[in-house]
Amino acid sequence: MVQIEKTTDNRIPFSQRLFWSVFSMFLGFTFCFLLFQFQREKEFSQDKLNKVLENYNYQIYQRTHQSANIDSTLAQFLTEIPQKELRITIIDPTGLVVFDNIHPEELNNHNNRSEVKSARINNKGFAIRKSTTTGLRYFYSASLIDNYIYRSALPYDTYVKSELSIDKDFIYFMILMTTIFFIVLSRFTFSIGRTISKLRNFAHVMEKDRVVETAYTFSNDELGDISQNIVTLYHKQQIAKDALSMEREKLIKHFQYSKEGFAMFSGEGKETLSNILFNQYINVISDKQIKNAEEAISIPEMEPIRSFLRRSMVDPNRKRKVLRESLTVDKNGKIFLIECILFLDNSYELSISDISRQEEESRMKRQLTQNVAHELKTPVSSIQGYLETIIANPNLAPEKRQFFIERCYSQSTRLTGLLRDISVLNRLDEASDMFDLSEISIKRLLGEIQKECSKELAEKRIETNIILPGNPVIYGNYSLLYSIFRNLYDNAIAYAGEGITITVNCYKEDPKYYYFSFADNGIGISEEHINRIFERFYRVDKGRSRKVGGTGLGLSIVKNGVNFHKGQILAKNRPEGGLEFLFTLKKRV
């Protein structure tokens, strides 16, 4: 685990630490080089002066070796060289001074002098020291020749200092190089510092999850390229994060408003996500109250799902496949489809769908198919029987033949009406958006229906009472509005009885809807049938319905027509007798 030091505002910036670290190393290297070069130049100067004095030592040896008068010979020698103050000393093997042109008197033993010791060992030696004899500082050079030490010395005066002086050009060169290095390093570290400062600012912005509004421009080098790549990658990551967050939010919203109960769980069975419907559905299924989605898997009805999870999670032959298991639960008057999906990481999701309505619709479709087959079979069988009788009896009496033909026509008319009604219902179920819309006057519509039904109304002595305040107009489909009121009229004419009164009343209006009442004062129907009269092919009195020629689809068409116009319809028996339909129609569909 990486530990990051806590940031402080008073710490030295990295660029300055880098600059002073590198510059200090360079200064240390320069200082060491100067010391080395200074020592080398010093040794070179000393060696150069020592070479001159060594040469003098050998010349002194040669001249004194060939001359009987050492004093005059060496005096002559001093006149020939530029260093007139040269001190010449000859020391015998025992250390006694045989000759010294500065102090001719007897001197103490010189074998303990450093240059003499070095010459005894290495045949030559030099030293810069203060003379114990004269008290002056000299540069001594001693050479061992034939066991005698020939020593020349120059006082440490202006000449010797100039000879031993060091060439300072290399110092100036190093100062120049240090200055150039300082400028180059400062520019380099300043560039690094700016890049790091921008990166640091960018990191602070990211840390606080703020929107990056500044356009970051970095130096044109490798560090700048890396920094620019980091910023670019961050922006791409932010875009991906925002997109992922948006998709996640959409997914969560989808689950929340889904018509399915949904929950997700980790491999350990911990809840990750669940919606309201899941908790509602699982409590309908469970005999005990479930407060936590994690408890859902433990109820007895979920045993097949539990077995599936236990078996699949530890199956070594799973081969990294997503598995699915489902079961159907019929509980408390509801039918639920429960599905479990097991993912590769052993996390899983549960979905619960209320399929009660689908099952009911499926049952109703099966029943509808049976009813349609039965209703079609009756007129077809009748037509077929009458035609077979006519064909089998060519000498059939004309009045009998005419009777059979009229019966065939009546049954074919009934068959045509049945097919028309089925076609209308199918259009309402499957292609309701295919109906044309226009402005429809309800008053005019009811006037047309009354004219068409005038014969039937007169035969049964039925009176009508139409109350339409404000002349209601609906923007809807003419055919469906016609079917609504015509089927209600037909139903009342067929089943309400004779000598009754039909009342059509628009009893209320609001900004969006008209409220209608269609009532008669006839015989009404039993309460046990009133909640089912809108079902397809449902008949209160099946024998009587067929006699009057109904298809059993009229009130179903009424309900679907009302639904198309965004309304609702209910039926009830009136206290004073008869049946009343209460329904609403939206002013504009």
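Bear in mind the structure is a predicted one, so any value in this text is a computation, not a measurement. (Residues numbered from 1 in each chain as written. Predicted model: local features only at pLDDT ≥ 70, side-chain atom pairs only at ≥ 80, totals over all residues. Heavy atoms only, no water.)

Novice: Help me understand the packing of helix α1 (residues 14–66) against helix α2 (residues 70–80), please; the structure alone is not making it clear to me.
Specialist: When two helices pack together, their arrangement is given by the angle between the helix axes and the distance between those axes. Packing of α1 against α2 brings their axes to within 10 Å, and their N-to-C directions diverge by 140°. Taken together, the axis directions place α1 and α2 in an arrangement best described as oblique. Note that α1 runs across α2; the crossing there is right-handed. Here Tyr56, Gln59, Ile60, Arg63 and Thr64 of α1 lie close against α2, whose contacting residues are Ile70, Thr73, Leu74, Phe77 and Glu80. (Axes fitted to C-alpha atoms, helices over the stretch in contact; angles between N-to-C directions. Helix = DSSP H or I, 4+ residues; strand = E, 2+ residues; numbered from the N terminus. Parallel < 35°, antiparallel > 145°, perpendicular 65-115°, else oblique. Left-handed = near helix turned anticlockwise from the far one by under 90°. Contact = heavy atoms within 4.5 Å.)

Novice: Would you take a moment to explain the pattern of salt bridges for this structure?
Specialist: Note that side chains of opposite charge can pair when their charged atoms are close. Here the structure, examined in full by the defined rule, presents 15 salt bridges. The shortest N-O distance in the salt bridge between glutamate 580 and lysine 572 comes to 3.9 Å. The residue glutamate 576 makes a salt bridge to arginine 574 at a minimum N-O spacing of 2.6 Å. Counted as one network, the salt bridges with shared partners bring together Glu115, Arg129 and Arg151. (Salt bridge = Lys/Arg side-chain N within 4 Å of Asp/Glu carboxyl O.)

Novice: Help me understand the packing of aromatic side chains in this model?
Specialist: How two aromatic rings sit relative to each other is set out by the distance from centre to centre and by the angle between their planes. Applying the stated rule across the entire model yields 21 aromatic pairs. On the numbers, 5.6 Å between centres and 5° between planes, the contact of phenylalanine 19 with phenylalanine 23 is stacked. Residue phenylalanine 19 and its partner phenylalanine 23 are both found in helix α1; the two are separated by four residues, about one turn of the helix. Grouping residues by exposure puts phenylalanine 19 and phenylalanine 23 together as buried. A centroid spacing of 6.3 Å and a plane angle of 55° characterise the contact between tyrosine 514 and phenylalanine 516, whose relative ring orientation is tilted. A residue is classified by how much of its surface remains accessible, and tyrosine 514, at 7% relative accessible area, is buried. Accessibility expressed as a relative area gives 0% for phenylalanine 516, which makes it buried. Grouped by ring-pair contacts, the aromatic residues Phe19, Trp20, Phe23, Phe26, Phe181 and Phe182 constitute a single cluster. Here the guanidinium or amino end of arginine 87 rests over the ring plane of tyrosine 138, the centre of that ring lying 5.5 Å away. Across from the ring centre of tyrosine 514, 5.1 Å away, lies the NZ or CZ of lysine 587, which sits over that ring. (Phe/Tyr/Trp six-rings, centres within 6.5 Å; stacked < 30°, edge-to-face > 60°. Buried < 20%, exposed > 50% of the residue type's maximum accessible area, 1.4 Å probe, protein only. Lys NZ or Arg CZ within 6 Å of the ring centre and 35° of its normal.)

Novice: Before we go on, may I ask you to explain a nonpolar patch on the surface in this structure?
Specialist: A surface patch of nonpolar side chains, amounting to about 460 Å² of accessible area, comprises Phe173, Leu176, Met177, Ile180 and Val184. Of the residues examined, isoleucine 180 reaches a relative accessible area of 40% and is grouped as partly exposed. (Patch = residues over 30% accessible without salt bridge, like charges linked within 9 Å, V, L, I, M, F, W, Y side chains within 5 Å. Areas by Shrake-Rupley, 256 points an atom, 1.4 Å probe, with all protein chains shown as cover.)

Novice: How should I be thinking about the sheet that holds strand β4 (residues 137–145) in this particular structure?
Specialist: Taken in spatial order, the five strands line up as β2-β1-β5-β4-β3 in an open sheet, and their pairing is antiparallel. Since the sheet does not close on itself, it has two edges, and those belong to β2 (97–100) and β3 (124–130), each with one partner. Neighbour to neighbour, the strand axes of the sheet diverge by 20° on average, direction disregarded. Pairing between strand β1 (residues 87–91) and β2: three bridges, direction antiparallel. Residue threonine 89 lies in a different strand from β2, and its bridge partner there is aspartate 100. α1 rests against β1, β3, β4 and β5 (148–155) of the sheet, and its axis sits at about 50° to β4. Strands in contact with helix α3 (residues 114–122) are β1, β3, β4 and β5; relative to β3, the strand with the most contacts, it is inclined by about 170°. (Pairing = 2+ DSSP bridges.)

Novice: I keep staring at the packing of helix α13 (residues 478–495) against helix α16 (residues 554–564) and nothing clicks. Help me out?
Specialist: α16 packs onto α13 with a crossing angle of 145° between their chain directions and a minimal axis gap of 9 Å. Judged by the twist between their axes, the crossing of α13 over α16 is left-handed. Of the residues in α16, those touching α13 at Leu480, Ser483, Ile484, Asn487, Leu488 and Asn491 are Gly554, Leu555, Ile557, Val558, Gly561, Val562 and Phe564. When its residues are assigned to classes, the contact of α13 with α16 shows eight nonpolar, five polar and no charged. (Nonpolar A, V, L, I, M, F, W, Y, C, P; charged D, E, K, R; others polar.)

Novice: Got a minute to help me understand the sheet that holds strand β12 (residues 463–467) in this structure?
Specialist: Sheet strands line up and pair through hydrogen bonds in the backbone, either parallel or antiparallel. Here we have five strands laid out as an open sheet, ordered β12-β14-β15-β17-β16, and mixed in their pairing. Every other strand in the sheet has two partners, leaving β12 and β16 (569–573) as the edge strands with one partner each. Across the sheet, the axes of successive neighbouring strands diverge by a mean angle of 15°, strand direction being ignored. Looking at chain direction, β16 and strand β17 (residues 579–586) are connected through five bridges and run antiparallel. Looking at the pairing, leucine 570 lines up with leucine 582 of β17.

Novice: Can you walk me through the UniProt feature "transmembrane region" (unreviewed entry) in the protein in this structure?
Specialist: UniProt's entry tags residues 18–38 and 170–190 with the feature "transmembrane region" (unreviewed entry), counted in the numbering of this structure. The span residues 18–38 is 100% helical and 0% strand by assignment, and the distance between its end C-alpha atoms comes to 30 Å. Between the first and last C-alpha atoms of residues 170–190 the distance is 29 Å; the span itself is 100% helix and 0% strand. (UniProt positions renumbered as here; feature names shortened; annotations may be inferred.)

Novice: Please clarify how the nonpolar core should be interpreted in this entry.
Specialist: Soluble globular proteins tend to bury their nonpolar side chains together. Counting residues in hydrophobic clusters, the biggest one holds 38 residues, and the most contacted among them are Phe485, Phe516, Phe581 and Phe583. Mapped by element, the contributors of at least two residues to this core are α11 (442–452), α13, β14 (501–509), β15 (513–520), α16, β16 and β17. If sequence neighbours within four positions are ignored, phenylalanine 581 has contacts with Leu488, Asn491, Phe516, Ser517, Phe518, Ile533, Phe534, Leu555, Ile569, Leu570 and Ala571. Counting 24 residues, the second largest nonpolar core, distinct from the first, contains Phe265, Ile285, Leu327 and Cys340. (Core = buried A, V, L, I, M, F, W, Y, C linked by side-chain atoms within 4.5 Å.)

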